[in-house]
Amino acid sequence: MSPDLPPVVPSVTAELVGALSARLRKRLDAGVTKLLARPVTRDGDTVRISVDDETDVVLHAPSGAVTGADAIRCGCLLAPACLHRAAAASAAPVADGTADRDPDPDGATGTRDGTAQADRPNVESEPETATPAQHAAARAVFDAAAAVLEAGTDGSGAVLQAELLHAAHTARLAGLPRACAAAVSVVSAVRAARTADPAYRLTGLADALAGVLGVAHRLPHATGRELTDLRGTARQPYRPDGSLRLYGIFSEPVLTATGYAGAVTWTADADGRLYTVSDVAPGGPARATGAADRAVRIGDTALTHRELSRAGLAVSGATVSPAGRLGAGAGVRAVRASGAAWRDAPLDRLWAVPPAEQVTRALSGAQDLLFLEVTLTGTVREATGDCLLADCAGVPLRLTTAHDDPALPCRDNLRLLAAAGGSRLRIVARLVPGPHPRALLLATEHPTDPAARVDLGLDRLQHADLPPGALAPPATDAATGDEAPLHLLRRRVHQAVPGGRRVLTLAGNAPGDSARLRRLGLATAADLLDDLHAAAADRARDTFGRLLPADTGRFARSWLAAAVYTDLVEQALCAHAWGAAADEEAPPART
């Protein structure tokens, strides 16, 4: 996946790959690899890939994304039925259907970050069960995602990706935007894995696969509110919210695997309710860093995101989405106002909420920001790099970077903060569910000036900002123990993602793993582990001894059950580690 190319909507990639002959399909992956190595130039809304000295592939993206097959043209003799057009679409990031922009409160369409766009049907008039078209679309999504899991990322080339994108487009047309977005996220993660993108994370792809399989599996059987949730909402309805007096908290960069970048600024009102102002559009790291110095798109204010994070905003005629995103319609007016320090009213109330209560809120599906007061205690060395150790009200906490892209200062800032050991700071972090307390560090008080703050993804700390004589202590190695041997099941779930069914068949099932799980009271985990290996090894033969096609559905369902169980147990362990009470009424994240 090349961030230099404009995003391409799923239906375009599916159409171009579907039009290829069987012979060209076999050559598609090699064509994508070759095209990724060719020079790319951009001229306004036009991107040109030089295939050779005489042939170019041209992509037109006037709205920021390629939305039609005719917007990808090739100058070779075989065009338009050539391999180059399909390869270019397969090499580009996956678009969500339109470039990101704020919805107009009067009804003009727009998108939120990473979500497809369509008019939402009237919930009151919807049937209590999914329509036949939605049943068929959900089945198509499940089958296509199961095929990706069967092959693993190593075997999921451009053809399997296009089949999943085609299923995503079908789901979108059937009124299933959640399934569509989930399928697109899987394709984006698979491409990141296959191109060795530094932003790729195995856990992220595993979560995405479990998400799309879970939605597609549950939807045909759901009714009422569950069905509405599984269908999803393609557009966030913006409601009028009158006049607002907002106080900036911090800004963070946005850099997604789907080729979108920008900045989001978080604000709060006097009651502690959170609101966001965002500027996200197709782009790469340069746009993520540059967006912080762009004027916010609210009214006529000239405040930039960086300035708003430390100032305030008075808004009249405000429109707000359910997630707290501020709209930018023609009737919205906004002017600059005074801000507040984190330790002053009204922002100080955000840090007054006990950490355990904030974690419970995040695990229940609400916003996942944590407002914590911590004491930095050192660093620990992990496989993905060093992370900060901190004490949070007696809870040992690990703080890691939100972004690893070298264009952003996150990693460098974390290294410098390690030298401020002993400092007691207020921070803003994002919860990372797991058996040990962990969070992504987003913003912090300045190490030597509590009245100032540092947005760790946008601001760059210097040695002069540290306390006198500060010296980073050597990092210690992370403990390898696992309080509950859940890793015995989790590692098999994760092994299947890159290697597919075959890697579990070759690995086999160590009898000691299941016995250990049962001995320590995790009988369900043991049963799921046994079933996962049985599903991986289940290959019937015909009367001549030849292997019959694999039952991808059974393997996908066994893998999904193990992934859902692991996720829920890890959430419970996370709540226990923070001293929080798990919300029993909250719907599971993936079932």
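Conventions adopted
Residues numbered from 1 in each chain as written. Predicted model: local features only at pLDDT ≥ 70, side-chain atom pairs only at ≥ 80, totals over all residues. Heavy atoms only, no water. Helix = DSSP H or I, 4+ residues; strand = E, 2+ residues; numbered from the N terminus. Buried < 20%, exposed > 50% of the residue type's maximum accessible area, 1.4 Å probe, protein only. Contact = heavy atoms within 4.5 Å. pLDDT = per-residue confidence, 0-100. Core = buried A, V, L, I, M, F, W, Y, C linked by side-chain atoms within 4.5 Å. Pairing = 2+ DSSP bridges. Axes fitted to C-alpha atoms, helices over the stretch in contact; angles between N-to-C directions. Phe/Tyr/Trp six-rings, centres within 6.5 Å; stacked < 30°, edge-to-face > 60°. Parallel < 35°, antiparallel > 145°, perpendicular 65-115°, else oblique. Nonpolar A, V, L, I, M, F, W, Y, C, P; charged D, E, K, R; others polar. Patch = residues over 30% accessible without salt bridge, like charges linked within 9 Å, V, L, I, M, F, W, Y side chains within 5 Å. Areas by Shrake-Rupley, 256 points an atom, 1.4 Å probe, with all protein chains shown as cover. Salt bridge = Lys/Arg side-chain N within 4 Å of Asp/Glu carboxyl O. Lys, Arg positive; Asp, Glu negative; His and termini not counted. Charge placed at Lys NZ, Arg CZ, Asp CG, Glu CD.

### Digging into the overall build of the chain
The number of helices and strands found in the chain is 17 helices and 16 strands. Within the chain, the proportion of its 591 residues that are buried is 51%. Contacts in the chain between residues far apart in sequence, at least 24 positions, make up 64% of those at least 6 positions apart.

### Brief notes about the confidence of the model for the chain
Scored by pLDDT, the chain has a mean of 85; 87% of the residues are at 70 or more. In this model, residues 97-124 is a region of pLDDT below 50 whose contacts with residues beyond four sequence positions or in other chains number 70 contacts. Within the model, pLDDT remains below 50 along residues 581-591, and this stretch shows 18 contacts once partners closer than five positions in the same chain are excluded.

### Re the nonpolar core
One finds Leu213 and Trp559 to be the most contacted residues of the largest nonpolar core, which totals 65 residues. Counting residues per element, the ones that place at least two in this core are helix H5 (132-155), helix H6 (158-173), helix H7 (177-194), helix H8 (202-218), helix H9 (224-231), helix H14 (487-507), helix H16 (523-537) and helix H17 (552-577). Once residues within four sequence positions are removed from consideration, Leu213 is found in contact with Phe142, Ala145, Ala146, Leu149, Ala556, Trp559 and Leu560. Formed by 55 residues, the second largest nonpolar core is a distinct cluster that contains Leu16, Cys74, Ala95 and Tyr260.

### Looking at the environment of Ala192
Mapped onto the elements, Ala192 comes out in helix H7. Distance in space between the C-alpha atoms of Ala192 and Thr153 is 9.7 Å, their sequence separation being 39 residues.

### Side note on unusual backbone geometry
Of note, the amide linkage connecting Ala79 to Pro80 takes the cis form, showing an omega dihedral of 10 degrees. Its location among the elements puts Pro80 in the loop between strand S4 (72-74) and helix H4 (83-91). The omega torsion across Ala345 and Pro346 is 0 degrees, close enough to zero to call that bond cis. With respect to the helices, strands and loops of the structure, Pro346 is situated in the loop between strand S9 (333-337) and helix H12 (355-363).

### Remarks on the sheet that holds strand S5 (residues 239-255)
If you trace the five strands from one edge of the open sheet to the other, you get S7-S6-S5-S8-S9, paired in antiparallel fashion. The outermost strands of the open sheet, each flanked by one partner alone, are strand S7 (274-282) and S9. Neighbouring strand axes in the sheet, compared pairwise and without regard to direction, differ in orientation by 35 degrees on average. Strand direction decides the pairing type here: strand S8 (residues 312-320) and S9, joined by five bridges, are antiparallel. Bridge pairing in S9 places Ala314 opposite Val335.

### With respect to the packing of aromatic side chains
Taken as a whole, this structure holds three aromatic pairs when the rule is applied. Ring geometry for Phe250 against Trp266: centres 6.3 Å apart, planes inclined by 5 degrees, an arrangement best described as stacked. Separated by 16 residues along the polypeptide, Phe250 in strand S5 and Trp266 in strand S6 (residues 260-268) bring together distant segments of the chain. Here Phe250 and Trp266 have matching classes, each one buried. Ring geometry for Trp351 against Phe371: centres 5.2 Å apart, planes inclined by 75 degrees, an arrangement best described as edge-to-face. In this pair, Trp351 sits in the loop between S9 and H12 while Phe371 sits in strand S10 (residues 369-382), placing the two residues 20 residues apart along the sequence. Each member of the aromatic cluster is reached from another via a ring pair, and the members are Trp342, Trp351 and Phe371.

### Things to note about the packing of helix H3 (residues 28-36) against H4
Orientation of H3 relative to H4, taken along the N-to-C sense of each, is 70 degrees, at an axis distance of 8 Å. Judged on the interaxial angle alone, H4 and H3 are roughly perpendicular. Contacts between H3 and H4 involve Leu28, Gly31, Val32, Leu35 and Leu36 on the former and, on the latter, Leu83, His84, Ala86, Ala87, Ala88, Ser90 and Ala91. Its residues assigned to classes, the contact of H3 with H4 shows nine nonpolar, three polar and no charged.

### A short note on a positive patch on the surface
On the surface, a cluster of positive charge is contributed by Arg23, Arg27, Lys34 and Arg38. For Arg23, a relative accessible area of 53% gives the class exposed.

### Description of the pairing of strand S2 (residues 46-50)
Here S2 shows a clear split, with Val47 and Ile49 buried on one side and none of Thr46, Arg48 and Ser50 buried on the other. Across four bridges, strand S1 (residues 40-43) lies against S2 in antiparallel orientation. Considered in S2, the bridge of Arg42 is made with Val47. Between S1 and S2, which pair antiparallel one after the other, the connecting turn spans two residues, and Gly44 there sits at a positive phi close to 65 degrees. Sheet topology note: the S2/strand S3 (residues 56-60) ladder contains five bridges and is antiparallel. Opposite Arg48, over in S3, you have Val58 as the bridge partner. Hairpin connection of S2 to S3: five residues between the antiparallel strands.

### Notes on the sheet that holds S1
One open sheet holds the four strands; their spatial order is S1-S2-S3-S4, and the pairing between them is antiparallel. Looking at which strands have only one partner, the edges of the open sheet turn out to be S1 and S4. Here the average twist between neighbouring strands, direction ignored, is 20 degrees.

### Observations regarding the pattern of salt bridges
Summed over all chains, the structure comprises 30 salt bridges. Here Arg411 ties to Asp404 by a salt bridge, and the two come within 2.8 Å at their closest N and O atoms. A residue is classified by how much of its surface remains accessible, and Arg411, at 17% relative accessible area, is buried. Asp527 is the salt-bridge partner of Arg518, the closest N and O atoms lying 2.7 Å from each other. The structure contains a network of salt bridges with shared partners spanning Asp293, Arg306, Arg310, Asp455 and Asp459.

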